[in-house]
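Overview (structure and organization)
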Amino acid sequence: MADNAAELVSLTIDGVPLKVPKGTLLVEAAKQIKQEIPVYCYHTKLGPAGLCRVCLVEIEGTPKLQIACNTPVADGMVVRTQNAKVDAGRAMILELLLVNHPLDCPVCDKGGECDLQDYAMAYARGTSDLADPKTSKPKGVDLGPTIVLDEERCVVCQRCVRFDDIIVGDPQLVLKDRGVRDMIATASGDPYRHNFTGNVTELCPVGALTSKTYRFKSRPWDLDRTQTTCTQCSVGCQMFSDVRFGVPLRTMSVEHDDAISDGWLCDRGRYNIGFYDAKERITQPLYKRGDTFMQISWDDAFALWARAITDAIHLSGPQSVGTIGGGRLTNEEAYVAQYLFRALGVNNLDWRAGRQRQATPGSRGGTLADLERANAIVVLGDSPADRAPVLDLRIRKAVKRANATLVRVAPLDVSPVPSIDVVDVAQAAAALPATASSIAVVWDGIDAAAVERLLDALPENVTVRTYITSEQGNARGAETMGMHPRFAPGFAAAENGLDTEAMLAAASDGALAVLSIFGANPALRHPNGPLVRAALAKTPFVVVSELFMTESAKLATLVLPAKGAFEKNGTTLNATGDALPVNASLQAPEGVLSDLEMLVGLAEQLGVNLPAQEAVHAAVIEAIAQAPAFDLGDHAFRTRAAQAATIPADGLRVAVHSNVFAGDGTSAHDERIVALRPLAEALLSTDDAKVYGVSSGDRIDLEAGGLTLHNLSVAVRAGIARGTLVLVDGLATAPANSFAPGAVVRVVHVRKGDSTLVEA
Amino acid sequence: MMRKRLYNIGAILQGLGITFKFMFRRQPTVPYPSVMKQHAPRFHGLHELRRYADGKERCIGCELCSSACPANAITVIGAENAPEDRRSPGERYAARYEIDELRCIFCGLCEEACPTDAIVLTPRFEMSDYRRGSFIYSKDRLLVPPEAGVGTPPDERPNGIPADLGRVAEVKSTVDIAAGYSATNRGEVLKTHRRGLAG
């Protein structure tokens with residue numbers, strides 16, 4: 001293709017001469033002269049299939065009409081897309097498509113934005129020669145937790161089938177049966193379930209595949225549409241938020257967003273929008289008196305908070321004040337947060353509330369388009385499929401379309417595309433093909449020593465692009481804005497403060513008087529759960545800004561109700577360093593403030609002059625423009641929490657695995673994604689399952705150092721190292737950080753499938 | 001001068017002649033509300049939501065009425081029928097249906113747009129009340145009682161496609177225009193029905 005790219009072919013479409021690269025399909029060539037050719041089965045991202053036949057055009061010299069979607073351009077071709085012959089051909093195709101299509105447009109979710117409606121209006125005759133009744137097929141078929149199928153409406157374009165195969169690489173949907181009985185179903189008969197199912201509802205040109213969450217809720221013309229950036233993970237997909245009467249009813253991908261999302265959304269981003277009006281949401285500041293929270297006014301909250309900070313600084317100096325979080329804030333909020341605390345002399349700032357240590361890849365950071373073009377991709381640490389799903393689609397695209405080599409180091413899941421799975425970093429470098437000229441390293445930002453060894457082991461004279469998938473949407477933004485103990489905005493050197501580990505250690509020694517936590521949940525996400533719980537209990541004044549009563553909020557002295565991403569304006573910085581706009585599409589509930597408004601309120605009480613809005617914007621833009629000079633695993637990001645990965649002789653070591661639907665905040669309080677949430681599961685290797693005499697479906701209780709974790713469902717997986725017990729990160733029902741890091745965990749009870757209790 | 005005045009008297013007599021002529025005709029006004037006038041057959045008054053003969057609501061919550069409404073008076077929110085409590089034939093029904101009768105201009109476009117003949121304008125016109133909010137009519141006041149339903153629901157027709165799609169005349173005939181129509185009285189009937197349903 002690359003050779004042909006320069007070679008141009010001249011042809012005429014509807015009398016307009018144009019030159020396009022050789023190999024271009026007619027349907028794409030016609031777009032250049034703004035001539036739309038109707039298509040159902042063809043999709044720019046899925047390629048041609050030649051199934052629906054609606055894209056008929058007349059090519060001079062061919063006796064019959066040809067399909068534009070599967071005909072490449074040829075030199076001197078004369079094409080007519082609009083004339084009586086073409087119209088008659090399309091009218092016939094549409095009549096055939098409509099033979100069994102029900103006329104239930106008034107109740108169809110697609111009605112109003114349906115390609116079949118539009119093209120029927122444009123090309124069809126308006127009458128039908130069909131005398132017999134239409135065939136009846138099942139309606140409202142439950143395909144899986146997210147999708148409903150209406151078999152009558154399906155026009156068998158197979159876009160959904162091809163999406164699963166070509167884009168996701170997990171071909172679950174197939175076309176079952178043939179002729180008039182053909183229908184879309186999963187091949188296995190199991191529920192249709194992967195991280196990208198929602199995209200088929202947008203690909204479907206008719207109303208056959210629709211989302212359960214949007215079913216019959218509205219009509220497309222009722223919706224107020226706002227383009228914004230998804231902040232659920234660090235990819236930063238562009239999306240439309242469609243709101244009616246102040247309720248977000250659905251989100252839609254932005255098709256031309258080629259730079260970031262490639263036009264897709266994952267199911268977490270698409271469906272996790274139901275928490276904004278959840279009844280569990282906090283709508284008033286809560287102050288803990290004894291063991292119970294009482295509602296107080298914002299004025300009192302600001303006064304208490306400011307008083308606690310002033311007293312702490314006055315009595316024991318600014319080192320007794322700490323601030324954790326920022327990965328869920330906007331860039332502006334993170335900037336103002338660090339500005340305010342640094343203005344008070346507080347340097348104990350750290351966005352890192354979880355396992356991740358670094359969010360900015362540094363000087364060799366690549367774009368998502370670069371990732372797609374890499375010859376070889378090395379994935380180190382947590383699977384991007386569970387941390388940054390849409391980024392993982394780029395990896396799959398590189399592997400499937402460009403035959404890139406995918407090497408994964410100690411993966412905990414199964415890759416849908418061919419991959420070389422190795423156990424350590426040294427093997428990863430050896431597994432790379434010698435011919436690879438560009439290598440992409442996708443890291444989870446956790447094990448700095450491992451990534452350093454990997455980078456050292458990579459061959460010389462190759463282009464290396466680095467990527468870090470973050471636990472939180474704006475982790476990179478928070479780091480760039482200076483929510484970091486060593487860096488001021490733009491990675492300028494700052495007066496060193498305590499990092500999260502040191503703050504928590506100081507707090508558990510009683511050396512911290514005030515700890516403010518913004519948009520972070522260390523009690524559930526930090527690897528050392530016992531330490532966090534001890535630290536928060538010991539600190540006299542803990543402030544948590546949250547939407548829900550998370551594990552951290554429960555341990556706070558003052559809980560401040562915060563706005564969600566759809567309720568505020570600002571910018572966010574994604575994993576690849578693109579500054580993206582966050583636009584408000586919802587009105588926040590009364591009494592809820594954004595973190596920025598909270599900081600402004602606090603600054604007023606403390607008498608700190610914050611920079612004006614324009615100054616903040618300028619500072620944010622300037623900070624983003626700085627090119628950091630470090631690499632993955634740089635020592636500036638290392639903390640003292642290094643854990644030895646030895647396999648214990650007796651017992652199990654906990655390994656933690658991300659899941660995009662986990663968490664006890666926004667994802668836990670959204671009934672739309674309940675069915676997608678991970679189970680409280682413990683993954684065990686087949687060897688360990690034999691040792692403990694357990695099989696998948698059994699329930700186990702765990703114990704280590706006096707701490708216990710009850711009733712975990714066992715799932716036995718091949719490919720997990722012996723002596724490793726894998727837990728899902730961020731589940732309040734089974735916190736993966738229940739034990740101290742590196743603790744040797746024992747299985748104390750086993751409940752077999754028949755509920756008999758066995759002492760282990 | 002004199003001739004001009006005489007000419008004026010003639011004009012005055014001519015004008016008064018018309019007045020006197022009507023004094024001896026039957027009065028066109030009626031002592032409303034004790035006497036009711038016959039409405040024109042296609043008078044556009046207060047809306048009602050119809051049902052099928054089996055009591056199911058005709059409205060499928062498609063919002064075509066609210067889209068057609070030039071006054072933005074109609075708000076519809078659809079929902080999915082629960083299998084154990086089916087409100088309408090098919091999969092969708094109107095969970096909320098509200099008409100702001102103060103906004104309504106009684107043009108009848110909603111009636112034209114309705115694919116199931118669910119929304120119809122009746123000759124009822126008496127809607128006085130003390131509060132503006134009372135003029136937002138929701139399903140509890142718009143829906144006819146279950147026994148007033150007409151027509152076969154589309155479920156029972158082949159393929160669930162209503163055969164009478166878009167034919168308003170059949171449903172209109174449930175109001176007996178020829179027999180006269182007491183709007184006030186009909187309102188009373190509706191109230192009793194509702195009380196009966198509630199009790």
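Residues numbered from 1 in each chain as written. Chains lettered and ligands numbered in written order. Predicted model: local features only at pLDDT ≥ 70, side-chain atom pairs only at ≥ 80, totals over all residues. Heavy atoms only, no water.

1. So, the domain arrangement of chain A
All names here are of chain A. The domain boundaries assigned to chain A delineate domain 1 (8-82), domain 2 (134-271), domain 3 (307-357 + 474-625), domain 4 (368-468) and domain 5 (652-759). Of note, the centres of domain 3 and domain 5, computed from C-alpha atoms alone, are 31 Å apart. Taken residue by residue, the interface counts 16 residues in domain 3 and 20 residues in domain 5. Summed over both partners, the interface of domain 3 with domain 5 comes to about 1,300 Å²; 51% of that surface belongs to carbon and sulfur atoms. Among the residues of domain 3 in contact with domain 5, Arg 355, Leu 524 and Arg 525 are the three that bury the most area, contributing 46% of the side total. For Arg 355, the salt bridge identified is with Asp 729, shortest N-O distance 3.6 Å. Looking at the side of domain 3 that touches domain 5, the elements with two or more residues in it are α16 (522-525) and α17 (529-538). Top contributing element to the side of domain 3 that touches domain 5 by residue count: α16, with four residues. The class makeup of the residues in the side of domain 3 that touches domain 5 is seven nonpolar, five polar and four charged. (Domains from an automatic or database assignment. Contact = heavy atoms within 4.5 Å. Buried area = accessible area lost by both parts, 1.4 Å probe. Salt bridge = Lys/Arg side-chain N within 4 Å of Asp/Glu carboxyl O. Helix = DSSP H or I, 4+ residues; strand = E, 2+ residues; numbered from the N terminus. Nonpolar A, V, L, I, M, F, W, Y, C, P; charged D, E, K, R; others polar.)

2. Examining the interface of chain B and chain A
Contacts between the two partners involve 16 residues from chain B, matched on the other side by 21 residues from chain A. For the chain B and chain A pair, buried surface summed over both sides reaches about 1,400 Å², with 52% attributable to carbon and sulfur atoms. Across the contact surface, chain B and chain A share four salt bridges. We note a salt bridge from Arg 244 of chain A to Glu 63 of chain B, for which the minimum N-O separation is 3.2 Å. Viewed at the interface, chain A and chain B are joined by seven residue pairs in polar contact (both at pLDDT 80 or more). Mapped by element, the contributors of at least two residues to the side of chain B that touches chain A are α2 (64-68) and β2 (74-80) of chain B. The dominant element in the side of chain B that touches chain A, judged by the number of residues it contributes, is β2 of chain B, at six residues. Tallied by class, residues from the side of chain B that touches chain A come to eight nonpolar, four polar and four charged. (Polar contact = N/O pair within 3.5 Å; in protein donor to acceptor, adjacent residues only side chain to side chain.)

3. Some words on the side chain of Arg 92 of chain B
All names here are of chain B. As for its placement among the helices and strands, Arg 92 is situated in strand β3 (residues 92-100). Among the residues examined, Arg 92 registers a relative accessible area of 0% and is labelled buried. Within the local environment of Arg 92, its side chain forms a polar contact with the backbone oxygen of Gly 61, the two atoms lying 3.0 Å apart. (Buried < 20%, exposed > 50% of the residue type's maximum accessible area, 1.4 Å probe, protein only.)

4. Focus on the pattern of salt bridges
Counted under the stated rule, the structure contains 58 salt bridges over all chains. Linking Asp 382 of chain A and Arg 387 of chain A is a salt bridge whose minimum nitrogen-to-oxygen distance equals 3.1 Å. Grouping residues by exposure puts Asp 382 of chain A and Arg 387 of chain A together as buried. Of the charged contacts, one joins Arg 50 of chain B and Glu 48 of chain B as a salt bridge, the two residues approaching to 2.7 Å between their closest N and O atoms. Exposure remark for Glu 48 of chain B: the relative accessible area of 7% places this residue in the buried category. Taken together, the shared-partner salt bridges connect Lys 45, Asp 258, Asp 262, Glu 372, Arg 394 and Lys 397 of chain A into one network.

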